Amino acid sequence: MTHDQIDRMIRQANPVPDPTALETVDVAVLALEKQRRTEMQTDQPLVVDQGKEKPKRGVLIGIAAAVGVLIGLVLVLPPTDPLRPTDSPPLADDQTPSPVEIAVGFVNAYGLSDLDSAAGFLLYGSDRSAFVGERRPYRDFLESIGFVLILDSCEGGRSDDLSERVRCTFDYHALRSAEMGLGPYGGSYFDLTIRGEQIISISEHFEYESNGFSRQMWEPFAVWVADNYPEDAAVMYADWPNQSLQATTDESLSLWEQRSIEYAGGTPVPEVDYVLDLNTGEMTPLPPAILNSVSPESLATRGGYRYAASSDRSMLAYVGTGGDGSLQISVAGIDGASVRQVTSHPTDAFSPAWSPDGTMIAYEASEGLFVLDVDIGVSAQVTGPPPGSSGPQFTPDGSSLLYTSPGHDNARLMTVPIDGESSTVLVGPEQGMGHAGQGSLSPDGSLVTMMGNKIDGPGALRFLAATDGSEPRNLFGLRSGNCRSNPAGTWTPDGSRIVCAGESGVLVVLVADGAASRVAEGRAAIWLDDHTLLIEAG
Amino acid sequence: MMEELSSPERRFEMLYAEHRLEVLAYCTRRMRAAEASDACSETFLMAWRRIDDIPPPPGALPYLYGIARRVVANHLRTLRRASRLEKKLQSLGVAPPPEPSALVLQSFRNREVIAALQRLKPKDREIVMLYTWEALPRQTIAEIMGMTRSAIDQRIHRSYQRLARTLGPGQQAHPLPSPPIAEKGGR
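Report on the accompanying structure. What you see is a predicted model, and the numbers here were worked out from it, not measured in a lab.

Thresholds, definitions, all that
Residues numbered from 1 in each chain as written. Chains lettered and ligands numbered in written order. Predicted model: local features only at pLDDT ≥ 70, side-chain atom pairs only at ≥ 80, totals over all residues. Heavy atoms only, no water. Helix = DSSP H or I, 4+ residues; strand = E, 2+ residues; numbered from the N terminus. Buried < 20%, exposed > 50% of the residue type's maximum accessible area, 1.4 Å probe, protein only. Contact = heavy atoms within 4.5 Å. Expected span 1.5 Å × (residues − 1). Axes fitted to C-alpha atoms, helices over the stretch in contact; angles between N-to-C directions. Parallel < 35°, antiparallel > 145°, perpendicular 65-115°, else oblique. Nonpolar A, V, L, I, M, F, W, Y, C, P; charged D, E, K, R; others polar. Phe/Tyr/Trp six-rings, centres within 6.5 Å; stacked < 30°, edge-to-face > 60°. Lys NZ or Arg CZ within 6 Å of the ring centre and 35° of its normal. Disulfide = S-S within 2.5 Å. Core = buried A, V, L, I, M, F, W, Y, C linked by side-chain atoms within 4.5 Å.

Some remarks on the side chain of S310 of chain A
Residues and elements named next belong to chain A.
Part 1 of the reasoning: Locating S310 in the fold gives a position in the loop between β8 (307–309) and β9 (315–321).
Part 2 of the reasoning: Take S310: its relative accessible area is 3%, and that puts it in the buried class.
Part 3 of the reasoning: Ignoring any residue separated from it by four or fewer positions in sequence, one finds S310 in contact with M315 and W354.

Written out as structure tokens, the structure reads:
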């Protein structure tokens, strides 16, 4: 091996080939920290006595000034973060988010590519030298290879008086591994140091070898690109003819996207409503018989919902179009068999929800909520006046409906027996909620999730509460913009996860700790079983 | 006004703005990232204390590297002590602190190279790294290391020979595995 070859090899192994890649690092806070520590250690004075004040300030001002300029150039931190209730009245003591909740909120926002919100959790000037995900070229690269972060858990670790360390472990899909039935790849984590309610230091361990990502995805893909598109490969890899480091030029990123999609077999995401199996990544458009009879109206403007699945998952109820152009409920086998319109309501009928035994469908109309006996074809009104009740869901025992009542001032969650007795408040001001809507009960009826706000609190945010009247808990980082749900299909049958959708696509949220993963594009989704979603495209 | 510009504070600001990333890169190449930023800020604290000794450009950066080298060496010593303590704590059932991370996707080959570098003597390794990673001229390296130019030449030559022996045949020992899924993508 020649001198030149050795030379090239060493240069290629340079962990930081380009110092400007480190640009977001901020040393000011560390300098302050160090200053503090040094001051505490009297046996190691920073400088001799008489010069003490001046040089110290000099360092800090000097560093702060220089960093100020750099941050101005490379970091755009929003003054306030829409996810965080910074300019609202402080929450009650017991509502102060715990370090773990802050960590989950941050990783959620990061995983959803909501970098502005993610940055809102970080102390201005926090140490993030080991947080490569924030650097724009790297982040863009992750997006181009379809990186999906699946938060596993966040756990508190060592802490001192001032701060707590939290480790959040995650799995990921990348290079379209999900589409190929490979992965997800575990063993990666964030280490966060949290003080007050902010993250003061963050580092990221990205595992790619022991978990098989390198062997199963990175290397086979490298071989495939080199064999089939050597000219592209020269653009895509910064260390070509080695293939260990991606180039992040625009041209390179667009090639990474194209080639990784092609490599994975190029299954495009359906443009119509479809069924997504989260275990296999398989995407199956709904049968044409259903697609052809679904109303094209999105229903979002009315606060309504399109689909509901029967509890045995054999039947779909959905919003179709009646002969007069009005919205009416139709049902069909999930395979598209025997499509039929089941309501002929004088006005629009939408937001269907099946009873647990599959004999009834509740729905929403402008006059109130109705329950239809599917076999007989007769509807009975169960709520109203006042009109405006929305989002029905049968209680697990099938005796009542949970729904959102517009109320006098603010919406609240109520239940009403389907035989037409009077309604009872489930969640309202007495539970501390100023507004509560989109309520959905867990399959065992012990929990309810909703969108809303605390009295005088920020909102609308996603909450989870026990139905025994305990105080609702905010699922940190989830709000009406990114986590709207269809009450009739919010929960998995096993009660472990909820699904919601919004500006970041479709999210699956673990009930235990509020960890959210983005699973697909789409504007709404319901569960069909514990691992299968029906997704509204668009 | 002119006095303002050449004040120590001002010179330090310039030095910092100019070379912060290079010093940080120097440290990041030699230690884990979280510790590297610590070492970088310490380097600048020390530079501030000696601001009057620091030569004007182009001599400033090699001077900073010289400080950083000692800071890093100190840190690594402390870390080794800490890791011994950690092992002891672990044996007592106390959880170790989380570990910081690697920066980029490094291939097997690069890691082999880095492992080979680590087998060099500390001084030789530093010289090779300054030469290749910091891409400094040999004369400058001689100044940083306090050695003669010809001694640097010799050390680089000897280190490369050693690296060629460690890396030469082993380099082929880790070919890319045959792609389990190439068939699917390869159509």
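Thoughts on helix α4 (residues 99–111) of chain A
Since the α-helix packs 3.6 residues into each turn, any two residues three or four apart lie on the same face.
Residue and element names in this part refer to chain A.
Part 1 of the reasoning: The first and last C-alpha atoms of α4 sit 18 Å apart over 13 residues, in line with the 18 Å expected at 1.5 Å per residue.
Part 2 of the reasoning: By the criterion of burial, α4 is predominantly enclosed, with 10 of the 13 residues buried.
Part 3 of the reasoning: Taken as a whole, α4 has its buried residues at I102, A103, V104, G105, F106, V107, N108, A109, Y110 and G111.

A short note on the packing of helix α7 (residues 138–145) of chain B against helix α8 (residues 149–167) of chain B
Residues and elements named next belong to chain B.
Part 1 of the reasoning: Remark: α7 packs on α8, axes separated minimally by 8 Å, with the N-to-C direction vectors making an angle of 105°. One finds that α7 runs roughly perpendicular with respect to α8. Here R138, Q139, I141, A142 and M145 of α7 come into contact with α8, specifically with R149, I152, D153 and I156.
Part 2 of the reasoning: Residue composition of the contact of α7 with α8, by class: five nonpolar, one polar and three charged.

Notes on the packing of aromatic side chains
Part 1 of the reasoning: Using the criterion set out here, one finds 28 aromatic pairs over all chains in the structure.
Part 2 of the reasoning: Plain terms: the ring middles of Y172 of chain A and Y185 of chain A are 6.0 Å apart, the flat faces sit at 45° to each other, and that makes the pair tilted. In this pair, Y172 of chain A is assigned in strand β3 (residues 163–173) and Y185 of chain A in strand β4 (residues 185–195), connecting sequence segments 13 residues apart.
Part 3 of the reasoning: Using a relative accessible area of 0% as the deciding quantity, one classes Y172 of chain A as buried.
Part 4 of the reasoning: Here Y185 of chain A falls in the buried class, since its relative accessible area comes to 2%.
Part 5 of the reasoning: Summarising the aromatic geometry, the rings of W218 of chain A and W256 of chain A are spaced 5.6 Å apart at their centres and angled 25° between planes, so their arrangement reads as stacked. In this pair, W218 of chain A is assigned in helix α7 (residues 213–228) and W256 of chain A in helix α9 (residues 250–263), connecting sequence segments 38 residues apart. Like W256 of chain A, W218 of chain A is buried.
Part 6 of the reasoning: The residue whose ring lies beneath R138 of chain B is Y131 of chain B, and the NZ or CZ to ring-centre distance is 4.6 Å.

Brief notes about the state of the cysteines
Residue and element names in this part refer to chain A.
Part 1 of the reasoning: With the rule as written, the count across this model stands at two disulfides over all chains.
Part 2 of the reasoning: Residue C154 pairs covalently with C168 via a disulfide, S to S 2.1 Å. Because the sign of the S-S torsion sets the handedness, a value of about 110° for the bond joining C154 and C168 places this disulfide among the right-handed ones. Here C168 lies in strand β3 and C154 lies in strand β2 (residues 148–159), a separation of 14 residues in the sequence.
Part 3 of the reasoning: Here C154 falls in the buried class, since its relative accessible area comes to 9%.
Part 4 of the reasoning: According to the relative accessible area criterion, C168 is buried, its value standing at 0%.
Part 5 of the reasoning: Shown here is the disulfide that connects C483 with C500, its sulfur atoms set 2.0 Å apart. Torsion about the S-S bond of the C483 and C500 cystine: about -90°, corresponding to left-handed handedness.

Considerations on the nonpolar core
Part 1 of the reasoning: Ranked by internal contacts, the top residues of the largest apolar core, which has 55 residues, are I10 of chain A together with C27 and L163 of chain B.
Part 2 of the reasoning: Listing elements by their share of this core, those giving two or more residues are α1 (3–12) of chain A together with α2 (8–30), α3 (33–49), α4 (60–91), α5 (108–118), α6 (122–132), α7 and α8 of chain B.
Part 3 of the reasoning: Looking at this core, the element that brings in the most residues is α2 of chain B, giving nine residues.
Part 4 of the reasoning: One finds L142, F170, L182 and W218 of chain A within the second-largest nonpolar core, a separate group that totals 51 residues.

Such coordinate-based values are descriptive only and should not be taken to indicate function.
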